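# Topology and contacts: notes
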Amino acid sequence: MDSKFSPPKPSNIQKIKFNSTRPLHGTVILKEADCPDDISIRQLKEDVETLYNIPAADQVWHHGNTLLSDEQTLKDYNIKHGDHISVQHQHQRYMRNKGPHV
């Protein structure tokens, strides 16, 4: 598998932690990876889909309070070595916001 998490010798590599928060499990690190700063958020979402079977279209990514757009890159968001990206499955967010069934 050719993973975008481990590209061959990119010029600027950032070690990024990808976190997922689940109501019953708290925050867990999905992956800590060396990423080129010119990789798009969409490409990273596709890697998460391949590794964890979470459809890229259902992933919602945040860096701090900023919602990350698929077309932008890590560099566009000034995401640096050691930063964390929060990966949320859209279905989980929908179910949490929906509340209890009546």
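Residues numbered from 1 in each chain as written. Predicted model: local features only at pLDDT ≥ 70, side-chain atom pairs only at ≥ 80, totals over all residues. Heavy atoms only, no water.

### Concerning the confidence of the model for the protein
The predicted model of the protein averages 79 in pLDDT, with 72% of residues at 70 or higher. Looking over the protein, one finds the lowest element-wise mean pLDDT in helix α2 (residues 90–98), namely 50, and the highest in strand β4 (residues 66–67), namely 96. Every residue in residues 93–102 is under pLDDT 50, and counting partners more than four places away or in other chains gives 4 contacts. (pLDDT = per-residue confidence, 0-100. Helix = DSSP H or I, 4+ residues; strand = E, 2+ residues; numbered from the N terminus. Contact = heavy atoms within 4.5 Å.)

### Brief notes about the pattern of salt bridges
For the coordinates displayed, the defined rule picks out 4 salt bridges. Between D34 and K15 there is a salt bridge whose closest N-O contact spans 3.0 Å. Here K15 lies in strand β1 (residues 13–22) and D34 lies in strand β2 (residues 26–36), a separation of 19 residues in the sequence. When salt bridges with common partners are traced through the structure, they connect R42, K45, D70 and E71 into a single cluster. (Salt bridge = Lys/Arg side-chain N within 4 Å of Asp/Glu carboxyl O.)

### Considerations on the environment of C35
Summarising the element assignment, C35 is placed in strand β2. Residues C35 and Q14, spaced 21 residues apart in sequence, show a C-alpha to C-alpha distance of 5.2 Å.

### Some details on unusual backbone geometry
Of note, N53 is a non-glycine position whose phi angle comes to about 60 degrees, a positive value. Relative to the assigned elements, N53 resides in the loop between α1 (41–52) and β3 (59–63). For N53, a relative accessible area of 68% gives the class exposed. One non-glycine residue with positive phi stands out, namely N78, at about 60 degrees. Checked against the element boundaries, N78 lands in the loop between β4 and β5 (84–89). (Buried < 20%, exposed > 50% of the residue type's maximum accessible area, 1.4 Å probe, protein only.)

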